[in-house]
Amino acid sequence: MSDDLFAPRIPEEVANRRPLADRLRPRSLSEVTGQEHLTGEDGVLRRMIESGSLGSMIFWGPPGTGKTTVARLLSGEAGLAFEQISAIFSGVADLKKVFEAARLRRMDGRQTLLFVDEIHRFNRAQQDSFLPVMEDGTVILVGATTENPSFELNAALLSRARVLTFKSHDDGSLQELLKRAEAAEGKALPLTADARASLLRMADGDGRAVLTLAEEVWRAAREKETFDTEGLTRIVQRRAPVYDKAQDGHYNLISALHKSVRGSDPDAALYYLARMFDAGEDPLYLGRRLVRMAVEDIGLADPQALVICNAAKDAYDYLGSPEGELALAQACVYLATAPKSNAVYTAFKAATMAAKQNGSLLPPKHILNAPTKLMKGEGYGEGYRYDHDEPDAFSGQDYFPEKMGRQTFYDPVERGFERDIRKRLEWWAKLRKERNQR
């Protein structure tokens, strides 16, 4: 009996009320929405169950796409014991206990589906500990990860497990989740059509998030109150974009930005730049990436590109955020609309390969200085022609090591300023040929 006789008594149905997202968990694979390519009638997992044979799998996808729920349902429909651990809270001792329990079940004729949440959090040695129990059939491993398995999981583990990709919910599947929520609550969401669409955008493809947001709306609404978009924004905190600066979100967006610039699409480039700003990316990192794009994809087709990118970086240093972000946006648009050439980038790679392949060849003696009598006696500097004293300030001499012979690495394109460079190089090539034939 409570010591405080006057404490308010909380109704049991309220005390035991679970979050909406938990109450609406699917009870069969057929109820799972948004992952029809896996759980539908012709889906991969449905085919596995019908065949009566499950193998180890890695579920890869964003948060809130149903990875945990599908694993639990899979074990039920396949008649397997279900064990769940999290790599965040588990260590080697926990794994040993789980493996031992699975071995005892196997001796009784029942196999275990072991679901490991955030499996990429386990280090390499811990990941290796799964290999023996996967190989001898003690467990069917289902690991869940939001990170790219190719980068985060051991090759040995990946070779024994099939990677299945979970997709972010689209508007259709999020709407379906909201309809189920409304049916469970017995009332419609008090939102205008525009506010409902805004709620879907806030969820950002996360099924759990859309249900949590809906629950917040119901909690906040007074009787007969309906929220428009502005009202929704007031009562619901904006959800931060899914973006991990050290992982896939970071690399996916910077790749999209770079390729949009390279593809001369300033609108797409600005969109991805804005996405990264919105997610909290370091603007100076973006400034460095823009400089890289200037030298890799524009090069000498527009020599001003590098100058402008450096100026934008300096402007951001001077102005700070948010004013300085406009300078980076300007540089981004300049790069996207500039003539493109990777001729210098390609030439440098070819020259680097030639340098590695040909070893420490001595340059031709005529371009070597001869500061001593011995070196002069060896022929250093002999026959060198000073270009400024030659017609057209061009001697046409060969500067490559004799064993290599003349090489061509730089092949300027017929775009932008490189068109003029190409004409100049062709003219010099013509003079070189003429003067070396004398």
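Residues numbered from 1 in each chain as written. Predicted model: local features only at pLDDT ≥ 70, side-chain atom pairs only at ≥ 80, totals over all residues. Heavy atoms only, no water.

The chain is annotated in an unreviewed UniProt entry as Replication-associated recombination protein A of Rhizobium grahamii. Quoted verbatim from the Function (unreviewed entry) field of the UniProt record, the comment on the chain reads "DNA-dependent ATPase that plays important roles in cellular responses to stalled DNA replication processes." The record in UniProt for the chain states the following under Sequence similarities (unreviewed entry): "Belongs to the AAA ATPase family. RarA/MGS1/WRNIP1 subfamily." (UniProt positions renumbered as here; feature names shortened; annotations may be inferred.)

A few words now on the UniProt feature "domain: AAA+ ATPase" (unreviewed entry) in the chain. As recorded in UniProt, the sites labelled "domain: AAA+ ATPase" (unreviewed entry) are residues 53–169. As annotated, residues 53–169 comprises 41% helix and 23% strand, and the C-alpha atoms at either end are separated by 28 Å. (Helix = DSSP H or I, 4+ residues; strand = E, 2+ residues; numbered from the N terminus.)

The peptide bond linking S321 to P322 adopts the cis configuration, its omega dihedral lying at 5°. In this fold, P322 is placed in the loop between α18 (304–319) and α19 (323–337). Unusually for a residue other than glycine, D392 sits at a positive phi of about 65°. Of note in this structure, A393 is not a glycine but carries a positive phi near 55°. Along the chain, the position of A393 falls in the loop between α21 (373–377) and α22 (418–436). Overall, A393 belongs to the partly exposed group, its relative accessible area being 44%. (Buried < 20%, exposed > 50% of the residue type's maximum accessible area, 1.4 Å probe, protein only.)

It is worth spelling out the packing of helix α17 (residues 283–298) against α19 at this point. It is at 10 Å that the axes of α17 and α19 come closest, and there the two elements cross at 20°. Relative to α19, the element α17 lies roughly parallel. Regarding α17 and α19, the two cross each other, and that crossing is left-handed. From α17, P283, G287, L290, M293, A294 and I298 reach across to α19, where they touch E325, L328, A331, C332 and L335. Each residue belonging to the contact of α17 with α19 can be placed in one class, and the counts come to 9 nonpolar, 1 polar and 1 charged. (Axes fitted to C-alpha atoms, helices over the stretch in contact; angles between N-to-C directions. Parallel < 35°, antiparallel > 145°, perpendicular 65-115°, else oblique. Left-handed = near helix turned anticlockwise from the far one by under 90°. Contact = heavy atoms within 4.5 Å. Nonpolar A, V, L, I, M, F, W, Y, C, P; charged D, E, K, R; others polar.)

Let us look at a nonpolar patch on the surface. Taken together, I367, Y384, Y386 and Y399 make up a surface patch of nonpolar side chains, about 380 Å² in accessible area. With respect to the secondary-structure elements, I367 resides in the loop between α20 (343–358) and α21. A relative accessible area of 31% means that I367 is categorised as partly exposed. (Patch = residues over 30% accessible without salt bridge, like charges linked within 9 Å, V, L, I, M, F, W, Y side chains within 5 Å. Areas by Shrake-Rupley, 256 points an atom, 1.4 Å probe, with all protein chains shown as cover. Salt bridge = Lys/Arg side-chain N within 4 Å of Asp/Glu carboxyl O.)

Geometrically, a packed helix pair is captured by the angle between its two axes and the distance between the axes. Running from N to C, helix α16 (residues 266–278) and α17 point in directions that differ by 150°, and their axes come no closer than 10 Å. As judged from the angle between their axes, α16 and α17 are roughly antiparallel. Considering how the two elements wind past one another, α16 and α17 form a crossing that is right-handed. Across the interface between the two elements, L273, M276 and F277 from α16 touch P283, Y285 and L286 from α17.

With the rule as written, the count across this model stands at 7 aromatic pairs. On the basis of an interplanar angle of 20° and a centroid distance of 6.4 Å, the ring pair of F82 and F115 is categorised as stacked. Taken as a pair, F82 in strand β2 (residues 81–86) and F115 in strand β3 (residues 112–117) lie far apart in primary sequence, 33 residues in all. F115 gets classed as buried once you look at its relative accessible area, which sits at 0%. Look at F394 and W428: their rings are 6.0 Å apart centre to centre, the planes differ by 10°, and that puts the pair in the stacked class. Placement of the pair is F394 in the loop between α21 and α22 and W428 in helix α22, with a sequence separation of 34 residues. (Phe/Tyr/Trp six-rings, centres within 6.5 Å; stacked < 30°, edge-to-face > 60°.)

Moving on to the pattern of salt bridges. Under the definition given, this model contains 27 salt bridges. Here the salt bridges do not stand alone but share partners, grouping R23, E185, E215, E216 and R219 into one network.

The subject of this paragraph is helix α12 (residues 193–203). Taken as a whole, α12 has its buried residues at A195, R196, S198, L199, L200, M202 and A203. Looking at the buried residues of α12, the elements they touch are α11 (171–185), α13 (207–220) and α14 (229–235).

The next point concerns helix α6 (residues 92–107). In this model α6 runs 23 Å from its N-terminal to its C-terminal C-alpha over 16 residues, within 8% of the 22 Å that 1.5 Å per residue would give. Taken together, the buried positions of α6 are L95, V98, F99 and A102. In an axial view of α6, the angular spread of the buried residues amounts to 100°, which keeps them on one side of the axis. Within α6, the exposed residues directed more than 90 degrees away from the buried face are A93, K96, K97 and M107. (Expected span 1.5 Å × (residues − 1). Arc of directions from axis to C-beta.)

Take the environment of A203 next. Here A203 is to be found in helix α12. Note: C-alpha distance between A203 and H169 (34 residues apart in sequence) is 9.2 Å.

A separate point is the nonpolar core. Grouped together as the largest cluster of nonpolar side chains are 26 residues, with contacts concentrated most on L257, L286, L290 and L335. At the level of elements, α15 (248–262), α16, α17, α18 and α19 are the ones that each hand at least two residues to this core. No other element matches the 7 residues that α17 contributes to this core. With residues up to four places along the chain from it excluded, the contact list for L290 reads C309, L328, A331, C332 and L335. Counting residues in each nonpolar core, the second largest holds 23 residues, with A181, L191, M202 and V210 among its members. (Core = buried A, V, L, I, M, F, W, Y, C linked by side-chain atoms within 4.5 Å.)

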